[in-house]
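# Chain and residue survey
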Amino acid sequence: MTDHRTGNLMPADRLTVRFAYQRGFQVVDGSAILQTFEKQDEAFKFVLGRDARVWLAWSRTVIGGQTAPFDFAAAFQQEKVGRIMKTMHGPAAGTWFWTCHDGGARGTVETKDEAVAGVERAFTRRIAGADWR
């Protein structure tokens, strides 16, 4: 990403971690391979060290064969890892709830983009072991 004011390259806030057959895991920014790691947690630590988060795959949540409105699931390598949904009723109507399944991080924010960032940030930190004591 380029800063439109200065023309300088800006660090990405979302990076892809992908499985690199027989080589471990690659961290990718767009089409550029930044680094390859033997273990997944090492790749996540690298992403976190760049003050970024792992880009998760997002899809509509399906319940009983029906897609739920304003409800999305996050996956990493086909494993569901989080969920976001818009609150439709009550005093919190219009806000977005997010949760990261592994580790239990969750929150309520104003926008869908903030909810996506919440799940991706929490999942990245969890896999990197950033919050373990």
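This is a predicted model, so every value here is computed, not measured. (Residues numbered from 1 in each chain as written. Predicted model: local features only at pLDDT ≥ 70, side-chain atom pairs only at ≥ 80, totals over all residues. Heavy atoms only, no water.)

## Comments concerning the overall build of the chain
Threshold: Only DSSP runs of H or I with at least four residues qualify as helices, and only runs of E with at least two residues qualify as strands; both kinds are numbered from the N terminus onward. The contact criterion used throughout is that any non-hydrogen atoms of two residues lie within 4.5 Å. Accessible areas in this description were obtained via Shrake-Rupley with a 1.4 Å probe; residue shielding takes into account the shown protein chains only. His is not counted here, nor are the chain ends, while Lys and Arg score as positive and Asp and Glu score as negative. For the purpose of locating charges, the reference atoms are NZ of Lys, CZ of Arg, CG of Asp and CD of Glu.
Along the backbone of the chain there are 2 helices and 9 strands. Mapped in sequence order, the helices and strands of the chain form the string β-β-β-α-β-β-β-β-β-β-α. C-alpha extents for the chain along the principal axes are approximately 45 × 40 × 35 Å. Within the chain, contacts between residues at least 6 apart in sequence are counted, and of these 31% link residues at least 24 apart. If you sum the accessible surface of the chain, you get close to 8400 Å²; carbon and sulfur atoms cover 51% of it. Treating the 18 positive side-chain charges of the chain as one cloud and the 15 negative ones as another, the clouds have centres 3 Å apart.

## Describing the sheet that holds strand E2 (residues 24-29)
Put simply, the rule reads: Note on pairing: DSSP must find at least two bridges between two strands before they are called paired.
The 4 strands lie next to each other as E3-E2-E1-E4, forming an open sheet whose pairing is mixed. The strands lining the two open edges of the sheet, one partner per strand, are strand E3 (32-37) and strand E4 (53-54). Strand direction decides the pairing type here: E2 and E3, joined by 5 bridges, are antiparallel. Its bridge partner being in E3, Val27 is matched across the sheet by Gln35.

## With respect to the environment of Val81
Filter applied, for reference: Note on classification: 1.4 Å probe, protein chains only; a residue is buried when its accessible area is under 20% of the maximum for its type, exposed when over 50%, partly exposed between these limits.
You can see Val81 is positioned in strand E7 (residues 79-86). Here Val81 falls in the buried class, since its relative accessible area comes to 4%. Apart from residues lying up to four places away in sequence, Val81 is in contact with Leu56, Ala74, Ala75, Phe76, Thr99, Cys100, His101, Asp102 and Phe123.

## Regarding the pairing of strand E8 (residues 96-100)
Across the 5 residues of E8, 4 count as buried, placing the element largely inside the fold. Pairing of E7 with E8 involves 5 bridges; the strand directions are antiparallel. Across the sheet, the residue bridging to Gly82 is Cys100, located in E8. Pairing between E8 and strand E9 (residues 106-109): 4 bridges, direction antiparallel. The residue of E9 that forms the bridge with Thr99 is Arg106. Between the antiparallel neighbours E8 and E9 lie 5 residues, among them Gly103 with a positive phi of about 105 degrees.

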